[in-house]
Structure formats: structure tokens, C-alpha cells
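Structural description and commentary
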Amino acid sequence: MSRASSHALKRPPVQVPSEPAGAPDPAKDFPELAVAIERGRRRGRGAQSNTSGRFEAEARIAFDDGWQSLDDLPPFKTTVATDTSRKVITRNDSPDIGFDRSINPYRGCEHGCVYCFARPTHAFLGLSPGLDFESKLFVKPDAPALLEKELSAAGYEPRMIAIGTNTDPYQPIERERKIMRRILEVLERVGHPVGIVTKSALVVRDADILARMAKKNLAKVAISVTTLDPKLARAMEPRATTPPKRLEALKALAESGIPTTIMVAPVIPALNDSEIERILDAAAHAGVKEASYVLLRLPLEVRDLFREWLLEHYPDRYRHVFTLIRDMRGGRDYDSQWGTRMKGTGPMAWMIGRRFEIACEKLGLNKRRSKLTTDHFVRPKGGGQQLSLF
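Residues numbered from 1 in each chain as written. Predicted model: local features only at pLDDT ≥ 70, side-chain atom pairs only at ≥ 80, totals over all residues. Heavy atoms only, no water.

As for the confidence of the model for the protein chain
Where we set the bar: Per-residue confidence from the predictor is reported as pLDDT, which spans 0 to 100. In what follows, residue pairs with any heavy atoms lying within 4.5 Å of each other are defined as contacts.
Across the protein chain, pLDDT averages 89, with 85% of residues at or above 70. Below a pLDDT of 50 lies the segment residues 1-34, which in the model reaches 71 contacts outside its immediate sequence neighbourhood of four places, other chains included.

Laid out in C-alpha cells, this is it:
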């Protein structure tokens, strides 16, 4: 007899009630919470569960068959596989973001931020957007060479490349892989502009390259600070750099002459929205000149993962948080409409936006916006391009 048991469910999974009446009873109101992984196995992780992705025909749930079989299951460990993609630049035509191309050196992110809107992308790999997303990582070791090849194409027109818009390029495995640094070396060599978004202080390691690029208006860095509360940060972003270290990184980058931006993201009503002014004030004192914010987004599987996390860590705030979220999303948990998905709608969303604007005005933030240039771009040789004999 097998010591490990599992239970297969046909799709679709049990749907969560849109608005439970009274205090939530996880066992009654949220049957899918039974799939939560035992705490010891997911220690140091953000997600509570590891349910199958939305494209899978069946969902498998581990359960105790009375033989203590769950005690034999090992904890989740980070594994790294190779991504053999033939291209590294991803294109988009979204009208409400300021870039049309991006690079993601890694798929999956060990930071484990429970609210990460990139989690659903792991479903395309046949993996779970839950614990798989933060423990089963994919690395693109050939990214620098592929980038140089794509930049050398005759029809390539340079525009800012955004890095870190999906998964963090400076997550822990970057310390040994150094793929991001090699990408920056390629971009510096050809004079190509880059904008970086991260939650990691590891970005300071590459301040030498970024400072040289910044002198030519080729680089800028945005660091996201979600909260200054260490307890909330540890629970919500378990393996990301601590907030004080992120502020120190912003200061170090600013002192190196690199344009820096503080991102208050995501803003979660009744959880961290009260910290907007304090975060901006701390960033301004660190030398930051620009700021932005993004409202919490709960697309696809992220909604259920955030719901599970909220019920475990802040059950008393569950109903209030989701009521406010729906007030800012037209009565739904999420609205993906262009132009409003980042900021929301309604009185609460307006108030958050106004508070942000007033704080920025008082602190002198966003008086000037740094602009990157493509004037220094020199198409690299190679990548299928015919070389000259003389």
C-alpha cells in the first residue's frame, strides 16, 4: 500500500463564494482551502497551496489517509531548470504601460510575493501558480547572446527595454547566475536604454554599469517598497529584500547618479494603504526624485492565493479588504480594463490617488521625469549579419 495518497478532482475547481455572509468559516465557505500545504513544508514561502494550473485536466490534492502519509512528504525546495527559448525580447501592445518590449531572465520568482500578478504565467508550463511559481524556477543562460543577436537584426528599432516587469531579475539565484549583469554589459556596449524594476538590493552590485549608462541617459531603476512593517513584509514577501535594505539601495543608486523611482506597489486597502505617505517620505530622504504606485491586482489564480493568505495571516480583515477591493474594481475582485487596471475606479481609488499626489507634491517628487535616449545605439555585429572583409 502506498504511503502517499492523492485525490483527483475533475475541473473546474470549487468556486469561492463572491461575498460570504458573516465571519468566514474556512471549512464551510472555502472548501478549496483544504488543499493548503502543511506549514512545515512551505516554511519561508508566500503561497499557502499548490493547486494545479487552470489548463490541467485534473486537480490533485494531497490528503491524510489515516496512515500519517503526509508526514513523509518533503518540504518545498527551490529547483532550477533551463529555459531554452530562442528569443529573449518579449513584445506587447498594451496601451496603458510605457514600454513595448521587455526581458525576463528568469521564469518564476523565489521572492514568493503572494500578490504577484505574474503567478498565472506558470500555468502555461503545466505548473501551479502557487508554490511551484516560487520554487520551480527556469533560467535563461543564453539570454545575453540571444539579446545581442536580436539587437543586431537589420530591422530592429531601439526603444527602452523594461526588465523586471514580470519576475524579478535580481531574485536570489541571480547572485550566482549573473545573467542580469551580462545583459547589462550587452546593453551598455551597444548603447541601448533600459529601465529596471526590482525588490532586491542586489541591483546595487551593478551600480558601476548602471552609473556609466546613466551618464548617457541610458538607464533608470525603480524599486518597489510595499510596506515598512517588517512583520507584514516577511509574511507577504518572504524572500524579498527587507524594506530598510531597499531604501538603502535607493540611496546608493541615487548617490551614484542613477535616476531612481520609488514604487508603492501594490497598494492594498486596509492592509498597507495607510503607509503611502511614510514610504514616500522615506524614499525622498534617500534621494529619490520620482515615484509611482499601483493598486493591488488579482487576476486569475492570484485572487484565490491572496484570499488563502489573507485568511491565514489577517482573518479579521478579510471581509473588509475584499469589500474595498470590489469598491475599486466595479464590484468585482478584478477588472482588467485598459487604463483603470493599475489605479482602479470609485471614491476609494480616487482618495488613494489624491493622497499619493499630495504627498509627492509636498516632498518635491515627480517635478521632473527622467527620459532615456536611443541616440547612442550602435547595432552590434554578428547574429546573422554579414561582416565586412576590410
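A closer look at the pattern of salt bridges
How we decide: The salt bridge definition used is simple: a Lys or Arg side-chain nitrogen within 4 Å of an Asp or Glu carboxyl oxygen. Helix and strand labels come from DSSP, where a helix needs a run of H or I of at least four residues and a strand needs a run of E of at least two; each type is numbered from the N terminus. Buried residues are those whose accessible area, probed at 1.4 Å on protein chains only, stays under 20% of the maximum for their type, while exposed residues exceed 50% and partly exposed ones sit between those limits.
Enumeration according to the criterion identifies 28 salt bridges in this entry. Across the pair Arg-107 and Asp-83 runs a salt bridge whose closest N-O atoms are separated by 3.6 Å. Taken together, the positions of Arg-107 in strand β6 (residues 106-107) and Asp-83 in the loop between β3 (79-82) and β4 (89-91) put the pair 24 residues apart, joining distant regions of the chain. Arg-107 gets classed as partly exposed once you look at its relative accessible area, which sits at 28%. Residue class for Asp-83 comes out buried when judged on its relative accessible area of 11%. Ionic pairing is found between Arg-181 and Asp-208, a salt bridge with its closest N-O pair at 2.8 Å.

Focus: the sheet that holds strand β5 (residues 101-103)
Under the convention used in this document: In this analysis, strands are considered paired if DSSP registers two or more bridges between them. For helices, the fitted line uses only the C-alpha atoms of the stretch in contact; every axis is such a line through C-alpha atoms, and the angle between N-to-C directions lies from 0 to 180 degrees.
The strand order across the open sheet built from seven strands is β4-β5-β8-β9-β10-β11-β12, with neighbouring strands paired in mixed fashion. A single partner strand is all that each edge strand has here, and the edge strands are β4 and β12 (290-295). The mean inter-strand angle of the sheet, taken between neighbouring strand axes irrespective of direction, is 25°. By the bridge criterion, three bridges tie strand β8 (residues 161-163) to strand β9 (residues 194-198) in an arrangement that is parallel. Of the residues in β9, the one forming a bridge with Ile-161 is Val-194.

Brief notes about the side chain of Ser-200
Counted only if it meets this: For this analysis, a polar contact is any N or O atom pair within 3.5 Å, provided that within protein one partner can donate a hydrogen and the other can accept it, and provided that sequence-adjacent residues contribute only side-chain to side-chain pairs.
By the element assignment, Ser-200 lies in the loop between β9 and α6 (207-214). Within the structure, Ser-200 has its side chain in polar contact with the backbone oxygen of Tyr-170 (distance 3.0 Å). A polar contact of 3.0 Å, which involves the side chain of Ser-200, links it to the backbone nitrogen of Leu-202.

As for the nonpolar core
Definition in use: Definition of nonpolar core: a set of buried residues of the types Ala, Val, Leu, Ile, Met, Phe, Trp, Tyr and Cys, connected through side-chain atoms within 4.5 Å.
Membership of the largest hydrophobic core comes to 63 residues, with the highest contact counts inside it found for Leu-147, Leu-184, Leu-187, Ile-262 and Leu-280. Those residues in contact with Leu-147, other than ones at most four positions away along the chain, are Val-88, Ile-89, Ile-103, Ile-161, Ile-183, Val-186 and Leu-187. Listed in part, the 25 residues of the second largest apolar core include Cys-109, Cys-113, Ile-268 and Tyr-314.

Brief notes about the sheet that holds β3
Backbone hydrogen bonds hold the strands of a sheet together, and the pairing may be parallel or antiparallel. Spatial ordering of the open sheet is given by β3-β7-β6, a layout of three strands whose pairing is mixed. Strands with a single pairing partner mark the edges of an open sheet, and in this sheet they are β3 and β6. Bridging between β3 and strand β7 (residues 136-139) involves four bridges; their strand directions are parallel. In the sheet register, Ala-81 faces β7, and the bridge partner there is Phe-138.

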